[in-house]
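Residue-level structural notes
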Amino acid sequence: MSENAMGSTMVEEQFSLGERALALARDFAAHKKKAGGMPTAWLEKTMWSLGLEVHQQQFSHTLPFPDESRERYLVRGTNVYGILRAPRAASTEALVLSTGCAPGPHNNQAVGLLLALASYFRGQIYWAKDIIFLVNEHDLLGMEAWLEAYHDVNITAVRSSGPLGRAGAIQAAISLELSSDVVTSFDVAVEGLNGQLPNLDLLNLFNAFCQKNGLLCTIQGKLQRSDWDSLPAYARSLQTLLLMVLAQASGRPRGEHGLFLRYRIEAVTLRGINSFRQYKYDMSTVGKTLEGMFRKLNNLLERLHQSYFFYLLPSLSRFVSIGVYMPAFGFLILVLILRALDLWMKLNKTDPGGSDQLSDSDHGPSTTEAPRLLALVPPVLVCHAAGLALYYLPVLGQSVATQHFPVSEAEAVVLTLIAIYVAGMALPHSTHRVLGGPGSVAAARGWMVLKLLALLYLAAQLTALALLNFSLGFLLAVTMVPAAAATAPTGPRVLLALVLVLATPAVTLLLGIFLERELVEAPAAPGEGWQRFLGALGQGLLLHHLHGAFLCPLLALGTYPCWLLLWNVLFWD
Amino acid sequence: MAAPLVLVVLVAVTVRAALYRSNLAAFISERVEVSSPLNAWKRVVEGLALLDLGVSPYSGAVFHETPLIIYLFHFLIEYAELVFMITDVLTAVALYLAIQDFNKVVFKKQKLLIELDKYAPDVAELIQTPMEMHYIPLKVALFYLLNPYTVMSCVAKSTCAINNTVIAFFILATIKGSAFLSAVFLALATYQSLYPLTLFAPALLYLLQRQFIPIKPKSKSFWLYTMQYAALYLCSLVVIICLSFFLLNSWDFIPSVYGFILSVPDLTPNIGLFWYFFAEMFEHFSLFFVCVFQINVFFYTIPLAIKLKEHPVFFMFVQIAIISIFKSYPTVGDVALYMAFLPVWNHLYRFLRNIFILSCVLIVCSLLFPVLWHLWIYAGSANSNFYYAITLTFNIGQILLVSDYFYAFLRREYYLTHGLHLTRPDGTEAMLVLK
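Residues numbered from 1 in each chain as written. Chains lettered and ligands numbered in written order. Predicted model: local features only at pLDDT ≥ 70, side-chain atom pairs only at ≥ 80, totals over all residues. Heavy atoms only, no water.

So, on to the overall build of chain A. A tally of regular secondary structure across chain A gives 19 helices and 11 strands. When its C-alpha atoms are laid out on the principal axes, chain A stretches across 95 × 60 × 50 Å. Partitioning the intrachain contacts of chain A with sequence separation of at least 6 by distance along the chain shows that 81% fall at a separation of at least 24. Charge centroids of chain A, computed over 41 positive and 42 negative side chains, lie 3 Å from each other. (Helix = DSSP H or I, 4+ residues; strand = E, 2+ residues; numbered from the N terminus. Contact = heavy atoms within 4.5 Å. Lys, Arg positive; Asp, Glu negative; His and termini not counted. Charge placed at Lys NZ, Arg CZ, Asp CG, Glu CD.)

See the structure below:
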């Protein structure tokens, strides 16, 4: 634990209201069924009776196109939250415990535990920070609406009701998901929006308290093996690591905590899992763990900043820090740079030789240089226009598509996306025929200049990306760098075309989905994988428009034009 | 040649107008790489507001512009966007005309030296021809107007653009040979940001060359001309400063402008080298290090004057580059000014050794500036060390670029007088190294 303030307090947890939590959960389930959604009146009354200061927030949001997986388009909801004011402090800082109100029989026990914890915390005198107990509706949308209203900003287009009751700056947040009366293990999810991660101290805190209470804790749903030095254990650690890389690269928050990270609030999601194991833990144990975590967080003097923000987790008690994994990425980019340097040398070697032959040596440098650079402009413009089309057309053109084809809006968007992507690949046959160019030398070597530009563009993008979201940068680098370095119009064209198609971001996404299904030990058939792929495309677009994820614009406006440039190089003549 | 220039100007104005209307304008004006405490538009607006209230704009340590700028914008505040677009166009046109004249001078001098047999016999390929120099003024204007740095500076309405215009007019006046106008514009440039003081030396050397006055300490005409030029310069400077005094009726602007530039009290991060050093330094040593850093800017003038006395325009280029790297609050607008000159030295291309790596470094650093700023300030995952690392890399790239051009220039001069195939006294092939 790097933060000193969270160091050495020995707390004796005394939470014993497990039964009360279950009773409240049953109550909540009944009222939820009766109200057909979120039972706001019952929640308000219960929180009030527990002694919290209750507030409500209405919000509404219109999605750019209907969300098929959750079947919603015009979303309207309410968040209910209660603030436990610290008895002797100045209400300048707060901690948040949140759960989501999910439709159907999910997450009821989480709400029950939240209310039981609230009633227990209310009776203690040692709180130095306010605690906010939040029940939000419509998972990520409700959370985003609450966070935006709380911090009084306007990042997405959510419309919500007026100023909220506040409790000071939020220092840390924990999001809870429990759908069963007993749990066999407790899973933690750390990946946030755009691959942002919370401070490692929060994870260490969770691990420490699970050990203390004897609660089995897992990450990515996988338990680490006790014989950590053996080959099967390495294989499992590798699986966990790969799962984390895939999750972080997708930029999708793994739980509702993911949206807190943008506001510099460290947050994790804790999920209770009920599997077929023999030993079960009851609500009291879970409650004790949470109580311990909150008491430690209560001691914080400043925001968590001491430990690492950039890490990869092969298991819950081991991490790979940025100093270890960045050099690997550096070497990949080095490949691109060395290739570019090689092309530069080749381009310059023939130049002085060409300029002192012939009587028109005065014309030589200026006229061969001008068309060389001018020949680059059409491919670059066309590739970026294709990228712009890929970004804007699917969502803007969905009404036109639904008029002419018998598909729903979501399908129209996704299919338009795929259509534009594939159509871009047909472009090389029309761009460079327009420019003849004087002499065959300039035209034949024009592809080297284009490839140089494409390689440098790819290297710059990947470097910038790796700093923001390392997993995404690394994944794109691993798939695209070999193909980019090998592309040339000379050589086995069919083989190189195949390699380049395999390296394209869309195929990486498809393969990533299959790999992820493999790793969670639920391998997907090709048909199911394809359905998931289409779903992922739709979700990616929605995540961008609703929450500001940058994966979609980055791939459409940055990586796809770069890949198209390489495709142009491959089909240069 | 006017038609392509007009086309370039139109394209540049369109790009700027489009960006002004988009929502990138607010984002760009917030960037610390583009607007520094010295030339941010927000501060100009603040100063004007204070002036309207009847309070001295310099009270409150927010406003650090000169009084002439206040009065200029007092009348032109409604048309601010137009003013900045016009200043950019004026700078480009001034540079265009200046380089056109300069090319004629270079060609004439080259012809003279060939006729005087000063060049070695086998350097035919190093001689510049009018054909290849025909498009250089247009390229200079293009490089200035369509440089992303200039566009960002214009969209952010940073007064660095006005600074660049004054320096461009000074260069035009110097190359045309008018000592009076050159002194006036140099005084204006110095008045606005102090560091162009070092451009006195190259301008003097150029004017002396143009008047065919030899640069020897014993020659009387040398001292006479120097005194004349210095007197013109100092008198214009005094007149402008007194005018500023009478505009606002106080000497407040001297500590606020020049004191601010020299003592660097504001440590907002920017693309320069000062902020991190002084943020980490103990109070006790800050005066010493401020003096050291400021002397560093002015220090290179004398050695460069001695080495480059035959080539004052190249000296001017290197001096402008040194100012924009080592000044206390640099912005990308300053970088754009010296980059506009690079097409003039196109003929040095074959002698440049690191141009590929350096361009890559500069481009990648420019790309990483906003990424690391985001990680530091918004995501909270990085800290100031990350941002300063990129700043350092950017400045090292710039320094290496300038020294690469310097070395290439000197090498070409050596080859011109000694021939391309250098041989040692015993006849074996020799290679030129810079010690």
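Our next topic: the overall build of chain B. What chain B contains, in helices and strands, is 20 helices and 0 strands. Taking 435 residues into account, the globule formula puts the C-alpha radius of gyration at 22 Å, and chain B, at 23 Å, falls close to it. Expressed along its principal axes, the backbone C-alpha trace of chain B runs to roughly 75 × 55 × 50 Å. By the burial criterion, 55% of the 435 residues in chain B qualify as buried. When the 26 positive and 24 negative side-chain charges of chain B are each reduced to one mean point, those points stand 10 Å apart. (Rg over C-alpha atoms; globule rule 2.2 N^0.38 Å. Buried < 20%, exposed > 50% of the residue type's maximum accessible area, 1.4 Å probe, protein only.)

A few words now on the pattern of salt bridges. Residue and element names in this part refer to chain A. With the rule as written, the count across this model stands at 24 salt bridges over all chains. The partner of aspartate 67 in a salt bridge is arginine 72, with the nearest N and O atoms 3.8 Å apart. A relative accessible area of 4% means that aspartate 67 is categorised as buried. Sharing partners across several salt bridges, the network here consists of Asp67, Arg70, Arg72 and Asp139. (Salt bridge = Lys/Arg side-chain N within 4 Å of Asp/Glu carboxyl O.)

The next thing to look at is the UniProt feature "transmembrane region" (unreviewed entry) in chain A. Residue and element names in this part refer to chain A. This chain's UniProt record puts "transmembrane region" (unreviewed entry) on residues 319-341, 373-392, 412-430, 442-460, 466-487, 494-515 and 548-571. Annotated as 95% helix and 0% strand, the span residues 494-515 places its first and last C-alpha atoms 26 Å apart. From the first C-alpha to the last, residues 548-571 spans 36 Å; its make-up is 83% helix and 0% strand. (UniProt positions renumbered as here; feature names shortened; annotations may be inferred.)

All names here are of chain A. Across the sheet, 9 strands lie side by side as S5-S1-S2-S4-S3-S6-S9-S7-S8; this open sheet has mixed pairing. Only two strands of the sheet have a single partner each, and these edge strands are strand S5 (159-160) and strand S8 (217-219). Set on the sheet, helix H2 (residues 40-50) makes contact with strand S1 (53-67), strand S2 (72-84) and strand S4 (130-137); between it and S2 the angle comes to about 10°. Lying on the sheet, helix H7 (residues 283-298) is in contact with strand S3 (93-101), S4, strand S6 (169-177), strand S7 (185-189) and strand S9 (266-273); it crosses S6 at an angle near 170°. (Pairing = 2+ DSSP bridges. Axes fitted to C-alpha atoms, helices over the stretch in contact; angles between N-to-C directions.)

All names here are of chain A. Relative to the elements of secondary structure, alanine 267 occurs in strand S9. We classify alanine 267 as buried; its relative accessible area is 0%. On a C-alpha basis, the gap between alanine 267 and glutamine 171 in space is 9.0 Å, while along the polypeptide they are 96 residues apart. Beyond its immediate stretch of four places on either side in the chain, alanine 267 contacts Ala173, Pro198, Leu202, His257, Phe260 and Leu261.

This part is about the pairing of S1 of chain A. All names here are of chain A. Pairing of S1 with S2 involves 11 bridges; the strand directions are antiparallel. In the strand pairing of S2, glutamine 57 is matched with asparagine 79. Here S1 hands over to S2 after 4 residues, with glutamate 71 in that stretch at a positive phi of 50°. The pairing of S1 with S5 spans 2 bridges and is classified as antiparallel.

For the rest of this paragraph, the subject is the packing of helix H6 (residues 231-250) of chain A against helix H17 (residues 505-519) of chain A. Residues and elements named next belong to chain A. Where H6 meets H17, the closest approach of the two axes is 10 Å, and the angle between their N-to-C directions is 140°. With respect to H17, the element H6 is oriented oblique. In terms of crossing hand, the pair formed by H6 and H17 is left-handed. In this structure, H6 contributes Gln239, Leu242, Leu243 and Leu246 to the contact, and H17 contributes Gly512, Leu515, Glu516 and Leu519. Residues of the contact of H6 with H17, tallied by class, amount to 5 nonpolar, 2 polar and 1 charged. (Parallel < 35°, antiparallel > 145°, perpendicular 65-115°, else oblique. Left-handed = near helix turned anticlockwise from the far one by under 90°. Nonpolar A, V, L, I, M, F, W, Y, C, P; charged D, E, K, R; others polar.)

At the junction of the two partners, chain B supplies 21 residues and chain A supplies 20 residues. Carbon and sulfur atoms supply 74% of the area that chain B and chain A bury against each other, a total of about 1,800 Å² over both sides. Of all residues in chain B, Tyr349, Phe356 and Ser381 of chain B give up the largest surface area on contact with chain A, accounting jointly for 29% of the area buried on that side. Summed over the shared surface of chain B and chain A, the result is 0 salt bridges. Taken together, chain B and chain A are joined by 2 residue pairs in polar contact (both at pLDDT 80 or more). With 14 residues, the single largest contributor to the side of chain B that touches chain A is helix H19 (residues 355-378) of chain B. (Buried area = accessible area lost by both parts, 1.4 Å probe. Polar contact = N/O pair within 3.5 Å; in protein donor to acceptor, adjacent residues only side chain to side chain.)

Turning next to the environment of tyrosine 58 of chain B. Residue and element names in this part refer to chain B. Here tyrosine 58 shows up in the loop between helix H3 (41-52) and helix H4 (67-76). Residues tyrosine 58 and threonine 393, 335 residues apart in the sequence, show an inter-C-alpha distance of 35 Å. The contact partners of tyrosine 58, leaving out residues within four places of it in the chain, are Phe63, Glu65, Thr66, Pro67, Ile70, Leu248, Asp252, Phe253, Ser256 and Val257.

Residues and elements named next belong to chain A. Considered for burial, the residues of helix H16 (residues 493-503) that qualify are Leu496, Ala497, Leu500 and Ala503. One side of H16 carries all its buried residues, which in axial view fall inside an arc of 125°. Residues of H16 that are exposed and point over 90 degrees away from its buried face: Val494, Leu495 and Leu498. (Arc of directions from axis to C-beta.)

What follows covers the UniProt feature "transmembrane region" (unreviewed entry) in chain B. All names here are of chain B. UniProt records the feature "transmembrane region" (unreviewed entry) for residues 68-99, 166-187, 193-209, 230-251, 257-278, 285-306, 351-373 and 385-407 in the present numbering. Helix and strand shares over residues 285-306 are 95% and 0% respectively, and the end C-alpha atoms of the span are 33 Å apart. End C-alpha atoms of residues 385-407 are separated by 32 Å, and the span's content is 100% helix alongside 0% strand.

A few words now on the domain arrangement of chain A. Quite often, the size of an interface is put as the accessible area lost when its parts meet. Residue and element names in this part refer to chain A. If you check the domain split of chain A, you get domain 1 (17-225 + 253-315) and domain 2 (325-348 + 372-571). Computed from C-alpha atoms alone, the centre-to-centre distance between domain 1 and domain 2 is 38 Å. Facing 23 residues of domain 1, the contacting portion of domain 2 comprises 27 residues. Buried area between domain 1 and domain 2, both sides added, is near 1,900 Å², and the carbon and sulfur share of it is 62%. The largest per-residue losses of area from domain 1 upon contact with domain 2 belong to Pro64, Phe65 and Asn194, which jointly make up 35% of the total buried on that side. Viewed at the interface, domain 2 and domain 1 are joined by 1 salt bridge. Between glutamate 521 and lysine 222 there is a salt bridge; the shortest N-O distance is 3.3 Å. (Domains from an automatic or database assignment.)

Next up on the list: the packing of aromatic side chains. Applying the stated rule across the entire model yields 65 aromatic pairs over all chains. Aromatic pair tyrosine 560 of chain A and tryptophan 563 of chain A: ring centres 6.5 Å apart, planes at 15°, arrangement stacked. Of this pair, tyrosine 560 of chain A and tryptophan 563 of chain A both sit in helix H19 (residues 551-570), 3 residues apart, which is roughly one turn of the helix. With centroids separated by 5.9 Å and ring planes inclined at 15°, the aromatic side chains of tyrosine 300 of chain B and phenylalanine 326 of chain B adopt a geometry described as stacked. Remark: phenylalanine 326 of chain B occurs in helix H17 (residues 312-326) and tyrosine 300 of chain B occurs in the loop between helix H15 (283-299) and helix H16 (301-307); sequence separation between them is 26 residues. By relative accessible area, tyrosine 300 of chain B is classed as partly exposed at 29%. A connected cluster of aromatic rings, assembled from ring pairs, spans Phe274, Trp275, Tyr276, Phe277, Phe278, Phe293, Phe369, Trp373, Trp376, Tyr387, Tyr388 and Phe394 of chain B. (Phe/Tyr/Trp six-rings, centres within 6.5 Å; stacked < 30°, edge-to-face > 60°.)

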